[in-house]
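Inside the fold
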Amino acid sequence: CLTDEEDNLCPLGIFVISEDYDYDFIKDTCKSKICADSFIKVAKKIKIDHLLTYENLSFTEGAFNYHELNSYNNVVKKLESDDCRFLQNTSLQITSDADTIKKKNNN
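Residues numbered from 1 in each chain as written. Predicted model: local features only at pLDDT ≥ 70, side-chain atom pairs only at ≥ 80, totals over all residues. Heavy atoms only, no water.

A short note on unusual backbone geometry
Look at Asp7: it is not a glycine, yet its phi comes out positive at around 65°. Along the polypeptide, Asp7 turns up in the segment before helix H1 (11-18). Taking the relative accessible area as the measure of exposure, Asp7 reaches 61% and is therefore exposed. If you check the backbone angles, Glu19 has positive phi at about 55° while not being a glycine. In this structure, Glu19 sits in the loop between H1 and helix H2 (25-30). (Helix = DSSP H or I, 4+ residues; strand = E, 2+ residues; numbered from the N terminus. Buried < 20%, exposed > 50% of the residue type's maximum accessible area, 1.4 Å probe, protein only.)

This is how it looks when you write it as structure tokens:
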């Protein structure tokens, strides 16, 4: 499983482990550039033909529906969107409670 910038499990991993279909793992994935980029890289390698091949294996059951076959492409589109990239930039902003010190000009 992949981890984010803070060494936490990426949201997709949490989604797969928990099988919580109400969990919006896409939005949470958008908050991490590492997780989003990793998912995009893997998902772009998955082709519909590969998924259809699994249907014909002796140890698999059932068939993929249209939604399932296109789900990877749909998630990639969302992760590549401006809205998603905005969440990455927002979550990467660092705030500080440090005091500002100004040098006194003795002239």
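What about the layout of surface pockets?
Quantified by volume, the largest pocket comes out at close to 370 Å³. Residue assignment for the lining of the largest pocket shows that the elements contributing at least two residues are H1, H2 and helix H5 (66-79). For the lining of the largest pocket, the element with the highest residue contribution is H5, accounting for 6 residues. Grouping the constituent residues of the lining of the largest pocket by class yields 9 nonpolar, 3 polar and 1 charged. (1 Å grid on protein atoms, 1.4 Å probe; cavity = no way out; pocket = protein on both sides within 12 Å on 5 of 7 lines; lining within 4 Å. Points joined across faces, edges and corners; volume = space filled by probe spheres on them. Nonpolar A, V, L, I, M, F, W, Y, C, P; charged D, E, K, R; others polar.)

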